[in-house]
Amino acid sequence: MHRRPGQYGLLMTAALALSTGCGDGLLPPEDEAVVNAGPEVVEFASQMNAHRQSEGCGVLTWHDGVAAVAQSHSQDMVDRGFFSHTNPEGDSPWDRLGDGGVTWSGGAGENIAAGTSDPATVLNLWLNSSGHRANIENCGFTHHGVGLVSGYWTHVFVTNPD
């Protein structure tokens, strides 16, 4: 899907995931790196982790490297006018993680959305989509990072990053 959200309203694409296991971590708003990511991202991380806890999962711990990959993908989608898990060169979320120097053991996944900067709205959209919800509620994921640029969200999940 290569459309601009302003033309077609709020857009979402299917979530990508490859995962196993269960994990837990610290609440991201207490993590300085999350707080520095911006108020919308802090609010989203807090709401998303509260939801994970309500489902019996541990909270995701913020990972600066994963967040940089997510932010870069959001910026790339804005700059080059595409909306997809795969960039125009064919790089996948896993390619971008590797290029960003992030390694992990276990699963990894990505959610993307476009058309809103409101944390509650994007969380509700993702929770109402089975693939996105599966990533959010995957207890095997232990760490995450979120990118937000001009209403383009990228949420990357990993398990046991090195």
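Thresholds applied
Residues numbered from 1 in each chain as written. Predicted model: local features only at pLDDT ≥ 70, side-chain atom pairs only at ≥ 80, totals over all residues. Heavy atoms only, no water. Helix = DSSP H or I, 4+ residues; strand = E, 2+ residues; numbered from the N terminus. Polar contact = N/O pair within 3.5 Å; in protein donor to acceptor, adjacent residues only side chain to side chain. Salt bridge = Lys/Arg side-chain N within 4 Å of Asp/Glu carboxyl O. Buried < 20%, exposed > 50% of the residue type's maximum accessible area, 1.4 Å probe, protein only. Phe/Tyr/Trp six-rings, centres within 6.5 Å; stacked < 30°, edge-to-face > 60°. Arc of directions from axis to C-beta. Expected span 1.5 Å × (residues − 1). Contact = heavy atoms within 4.5 Å.

**As for the side chain of glutamate 110**
- Its place among the elements puts glutamate 110 in strand β4 (residues 108-114).
- A polar atom in the side chain of glutamate 110 sits 2.6 Å from the side chain of histidine 85.
- A distance of 2.9 Å separates a polar atom in the side chain of glutamate 110 from a polar atom in the side chain of arginine 96.

**Topic: the pattern of salt bridges**
- Tallied over the full model, the rule gives four salt bridges.
- Here aspartate 76 ties to arginine 80 by a salt bridge, and the two come within 2.7 Å at their closest N and O atoms. Of this pair, aspartate 76 and arginine 80 both sit in helix α4 (residues 64-80), four residues apart, which is roughly one turn of that helix.
- Judged by relative accessible area, aspartate 76 falls into the buried class, the value being 19%.
- Put simply, glutamate 89 and arginine 80 hold a salt bridge, and the shortest N to O gap is 2.7 Å.
- With relative accessibility at 52%, the residue glutamate 89 sits in the exposed group.

**Description of the packing of aromatic side chains**
- Counted by the stated rule, this structure contains four aromatic pairs.
- Ring centres of phenylalanine 83 and tyrosine 152 lie 6.2 Å apart, and the angle between their planes is 70°; this geometry places the pair in the edge-to-face category. Of this pair, phenylalanine 83 sits in the loop between α4 and α5 (93-99) while tyrosine 152 sits in strand β6 (residues 152-158), and the two are 69 residues apart along the sequence.
- A residue is classified by how much of its surface remains accessible, and tyrosine 152, at 3% relative accessible area, is buried.
- Among the aromatic residues, those joined into a ring-pair cluster are Phe44, Trp126 and Trp153.

**A closer look at helix α6 (residues 119-127)**
- If you check which residues of α6 are buried, you get Pro119, Val122, Leu123, Trp126 and Leu127. With its buried residues spanning 135° around the axis, α6 presents them on a single face.

**A few points about α4**
- Between the first and last C-alpha of α4 there are 24 Å, a value that for 17 residues agrees with the 24 Å anticipated at 1.5 Å per step.
- Val66, Ala67, Val69, Ala70, His73, Ser74, Asp76, Met77 and Val78 are the residues of α4 that are buried.
- For α4, the secondary structure elements touched by its buried residues are β3 (61-62), α5, β4, β5 (143-149) and β6.
- One or two steps after α4, the chain reaches glycine 81, where phi turns positive at roughly 65°.

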